[in-house]
Amino acid sequence: MADRVSSKEITNRDDQSNDAVDLVEITGVIKWFDVAKGFGFIVPDNGMQDVLLHVTCLRRDGYQTVLEGTRVVALIQKRDRGYQAFRILSMDQTTAVHPSHMPPVKTHVQVTPSSGLERVLVKWFNRTKGFGFLTRGEGTEDIFIHMETLRRFGLTELRPGQVVLVRFGDGEKGLMAAEIHPDMPVPGNRAH
């Protein structure tokens, strides 16, 4: 059962009104956390509904991100849309699963490339959903990228605004990345 923490013991320092908040201490495991979106979820050990974990809570407690499978002890509070983490009291990453060690998605999503190697921007990518989109610029068709393609070429994640090199082709629903590589600076073009 969750331990109730007295609202007199802890006040919400982020709330300008200095109203006390009713906090509950839970232990649980990180279900997923998406750095690009800035949130994820904790699955409490006590069977409660999933708890929203926002990046501002992590950063306030000295963390930048958290990997899936990490065990946490947190203070949570009831909000309009459900429970949300208020403070991370401790984190045990010995059970965490690094994205590169996650099992491959069994979609067999592949396309034959019809383009040369092109430099593109990551529009968005969600590792949990397993896909995202790349862009060659305004007015061009987006290029679908699947997590399986990233794994095949040794990448674990993409960040919005990141520049990558891809070959793409026509998929069932539009352009699709067939090959992806990190963008590398061209030798001899370095600033001194």
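As recorded in an unreviewed UniProt entry, the chain goes by Cold-shock protein and comes from Shinella yambaruensis.

Engineer: How should I be thinking about the side chain of Thr135 in this particular structure?
Structural biologist: Looking at the secondary structure, you find Thr135 in strand β8 (residues 131-135). A polar side-chain atom of Thr135 sits 3.0 Å from the main-chain amide nitrogen of Gly137. Apart from residues no more than four positions distant in its own chain, Thr135 is found in contact with Val120, Leu121, Thr140 and Asp142.

Engineer: Quick question: what am I supposed to make of the packing of aromatic side chains here?
Structural biologist: Between two aromatic rings, the relevant description is the distance of the centres plus the angle of the planes. Applying the stated criterion across every chain, the model contains eight aromatic pairs. Here Trp124 and Phe131 contribute two aromatic rings whose centre-to-centre distance is 5.5 Å and whose plane-to-plane angle is 65°, an arrangement assigned as edge-to-face. Taken together, a centroid distance of 5.6 Å and an interplanar angle of 25° make the contact between Phe131 and Phe144 stacked. Here Phe131, found in strand β8, pairs with Phe144, found in strand β9 (residues 143-146); they are 13 residues apart in sequence, far enough to count as distant. Phe131 gets classed as partly exposed once you look at its relative accessible area, which sits at 24%.

Rules used in this analysis
Residues numbered from 1 in each chain as written. Predicted model: local features only at pLDDT ≥ 70, side-chain atom pairs only at ≥ 80, totals over all residues. Heavy atoms only, no water. Helix = DSSP H or I, 4+ residues; strand = E, 2+ residues; numbered from the N terminus. Polar contact = N/O pair within 3.5 Å; in protein donor to acceptor, adjacent residues only side chain to side chain. Contact = heavy atoms within 4.5 Å. Phe/Tyr/Trp six-rings, centres within 6.5 Å; stacked < 30°, edge-to-face > 60°. Buried < 20%, exposed > 50% of the residue type's maximum accessible area, 1.4 Å probe, protein only.

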